[in-house]
Amino acid sequence: MLQEWHHLLFLHWEVNPELIQATLPDGLRVDTYEGKAYIGLVPFFMKRVRPNGLPCFPWLSNFQECNVRTYVSGPQGPGVWFYSLDCNQPIAVEIARGLFHLSYFHAQMDSSIEAGWVDYETLRTDRSSLNKQKTVSRFRYGTDGKLKEAVPESFEFFLVERYLLYTAQFSRRRLYSGRVWHQPYQIGKTGLEIWDDKLLQIAGFKSPGRAPDHVCYTRKVNVSIFGLQRI
């Protein structure tokens, strides 16, 4: 598939590596930077999503997505493990669940972009959701500022330069990997006026009780998505 990812906000909190390891399927190990592990929360916009060689359709190809993820190492190398992927395109949710075995959830989302700021809201509505109180997650972040590639082996490089995802099927007994490709992220600091960690709590983690330990932003990348490979 081909996709564009726009206005990505990366929020990261340090979490005890043992807590993360306890959530992973056999075959994956928590990946750490200087002995520390991280949970990421990433709201962004999906644009021009379509199978390779086919046109995109505005009513199907453009939507919002908000992910909760961590960083792992596995048989195919370092990658990403997703705890949840909230999305306001029902068809995309069902396709991603069926073809990629990812933990996608139906959500109601709203957003606006004005004067260099993104206002972003998401409310999980999936029947299987643990969001029993139906609370809205809100984010307000800036889109202006200098952006540049992360320096190899730096902390930012560890967090964002990941080109492999892992997923599992059948009670996590069957492990898969999937590759993505894009030019290196152009990232930078961003203003962050509103944030919360509700989606981390829904994923089963306690609230960190503090602001994110690391925040960064990227404006856009063009992405190629490849099929899954069973490990």
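Scroll up to find the structure.
The present account deals with the structure reproduced in this document. No experiment lies behind these values; they were computed from the predicted model shown. (Residues numbered from 1 in each chain as written. Predicted model: local features only at pLDDT ≥ 70, side-chain atom pairs only at ≥ 80, totals over all residues. Heavy atoms only, no water.)

With 10 bridges joining them, strand 1 (residues 2–15) and strand 14 (residues 214–230) adopt antiparallel strand pairing. Opposite Leu-11, over in strand 14, you have Val-215 as the bridge partner. By the bridge criterion, five bridges tie strand 11 (residues 174–181) to strand 14 in an arrangement that is antiparallel. Within strand 14, the residue paired with Trp-181 across the bridge is Ser-224. Looking at chain direction, strand 12 (residues 186–188) and strand 14 are connected through two bridges and run antiparallel. Note on strand 14: the bridge partner recorded for Ile-187 is Thr-218. (Pairing = 2+ DSSP bridges. Helix = DSSP H or I, 4+ residues; strand = E, 2+ residues; numbered from the N terminus.)

With 33 residues, the main nonpolar core has Trp-5 and Tyr-185 as its most contacted residues. Those elements that place two or more of their residues in this core are strand 1, strand 3 (37–50), strand 4 (63–74), strand 5 (77–87), helix 3 (90–100), helix 4 (155–160) and strand 14. Top contributing element to this core by residue count: strand 3, with five residues. Leu-9, Cys-66, Ala-107 and Leu-200 belong to the second-largest nonpolar core, a separate cluster that totals 32 residues. (Core = buried A, V, L, I, M, F, W, Y, C linked by side-chain atoms within 4.5 Å. Buried < 20%, exposed > 50% of the residue type's maximum accessible area, 1.4 Å probe, protein only.)

With that settled, the discussion passes to unusual backbone geometry. The phi dihedral of His-7 falls on the positive side, at around 50°, and the residue is not glycine. Looking at the secondary structure, you find His-7 in strand 1. On the basis of relative accessibility, which here comes to 15%, the residue His-7 falls in the buried class. Within the chain, Ala-115 stands out as a residue other than glycine whose phi angle is a positive 55°. For Ala-115, a relative accessible area of 70% puts it in the exposed group.

Moving on, we get to helix 3. Burial in helix 3 covers these residues: Ala-92, Val-93, Ala-96 and Phe-100. Down the axis of helix 3, the buried set is contained in an arc of 105°. They therefore lie on one face. Where helix 3 is buried, its residues contact strand 4, strand 5, strand 6 (104–114), strand 10 (164–169) and strand 14. Backbone nitrogen of Ile-91 and a side-chain oxygen of the N-cap are separated by 2.9 Å at the start of helix 3; the cap is Gln-89. Just beyond helix 3, the residue with positive phi is His-101, at close to 55°. (Arc of directions from axis to C-beta. Contact = heavy atoms within 4.5 Å. Polar contact = N/O pair within 3.5 Å; in protein donor to acceptor, adjacent residues only side chain to side chain.)

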